[in-house]
Amino acid sequence: MPFGEIVCGSPGSGKSTYCYGKHQLLTALSRPISVVNLDPANDSVSYPCAIDISSLITLKDVMEEHGLGPNGGMLYCMEYLEANFDWLEERLKELGEDAYVLFDLPGQVELSTNHDSVKRVVEKLTKLGFRLAAVHLCDAHYVTDASKYISVLLLSLRTMLHLELPHINVLSKVDLISQYGDLDFNLDFYTEVQDLSYLENTLSSSSSPKFASLNMAMISLIEDYNLVGFETLAVEDKNSMVNLTRTIDRATGYVFVPPSGSAAPPGTVDETSAPPASRPNTYALFSTAAGPLKGDRSDVRDVQERWIDSKEEWDAYEKMQWRKEGELVREEAARARTIRERNPPPTSQDVKMT
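Rules used throughout
- Residues numbered from 1 in each chain as written.
- Predicted model: local features only at pLDDT ≥ 70, side-chain atom pairs only at ≥ 80, totals over all residues.
- Heavy atoms only, no water.
- Helix = DSSP H or I, 4+ residues; strand = E, 2+ residues; numbered from the N terminus.
- Buried < 20%, exposed > 50% of the residue type's maximum accessible area, 1.4 Å probe, protein only.
- Contact = heavy atoms within 4.5 Å.
- Areas by Shrake-Rupley, 256 points an atom, 1.4 Å probe, with all protein chains shown as cover.
- Axes fitted to C-alpha atoms, helices over the stretch in contact; angles between N-to-C directions.
- Parallel < 35°, antiparallel > 145°, perpendicular 65-115°, else oblique.
- Nonpolar A, V, L, I, M, F, W, Y, C, P; charged D, E, K, R; others polar.

(A) Broad picture of the overall build of the chain. Check the secondary structure of the chain and you find 15 helices and seven strands. When the 354 residues of the chain are sorted by exposure, 41% land in the buried category. Pairs at least 24 apart in sequence give 74% of the contacts found in the chain among residues at least 6 apart. Just so you have it, the chain exposes about 19100 Å², and 51% of that area is on carbon and sulfur atoms.

Listed below in structure tokens is the structure:
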């Protein structure tokens, strides 16, 4: 029973970049990972692709054969994938039971908010035994504009209600947010979706007064559901990727999976060789899943300090640390080279003499 993520979001939100960064991170952590490209319009993936939908169908071929536009062609491709799900199922089985799979969806938002083909594909994956979470990426610069922020909240809410999966909304590219202007409130106001009535004045000043009631109705809708919240992501920052991975592991249940070599407690059934989804965890489950996340910049206030309030100072500090690490690596390499020169390996003639 493998684990996985349904990576969705609007065009330009950083889905493929996230998949590439996640592949690099989990590979460095020795966690098996496979990426599945389900975007028939993406013919130049940046990450190592285990399964590519282009070997089944491409958007270009559909548009040429059926005379459809990009949007209609994309819907046709997803319906074709649903009808030929056995093609995807066979290739997923080849990845093995220990696989952690990222499904990179197209950027057409109606696929994850209205159209049913992707939803039915997800349901079939769940029936195969996949423990999935939806990772919905939203460009962080939308929070600098109140009206765009409300639209992102509505989009995220609709996606959550449609896919019906454990759901993680992510403000991606948070490291670039300072380029788009100052925030009206602290970052935690936007990530925790606090009292949205504070946005009323900003919305009223940027739109016609006749939309005031509509604005408040949308705010009330979001607050009534009380479902939407955001994590932050700077894909090139290791701490940010690790913190998001921990959050997703909680949502999928991967947090309950122990390392394959860990010993079972005394008196329990030894199932260390079982698939990860059915292997019992030897650690404290409730403290692992319900306790606060711990780590560098796991608190949104630390994220604000790093990327908004003191970005230049942190950039200079990290560059200095990288320079020191580089110097240490060069010194160790030079020391190892000197040792080899002092103690050269024996030649064949030396071996004969001995």
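(B) Here's a closer look at the side chain of K22. Relative to the helices and strands, K22 is located in helix α1 (residues 15-28). With sequence-adjacent residues up to four places away left out, K22 is seen in contact with E5, I33, Y100, L102, M241, T245 and I248.

(C) Structural context of the packing of helix α3 (residues 70-83) against helix α4 (residues 85-93). Direction vectors running N to C along α3 and α4 enclose 65°, while the axes themselves pass 4 Å from each other. In terms of orientation, α3 lies roughly perpendicular with respect to α4. Of the residues in α4, those touching α3 at L81, E82 and A83 are F85, W87 and L88. Looking at the contact of α3 with α4 residue by residue, the classes come out as five nonpolar, no polar and one charged.

Note that every value here comes from positions in space, so none of it alone points to a role or purpose.
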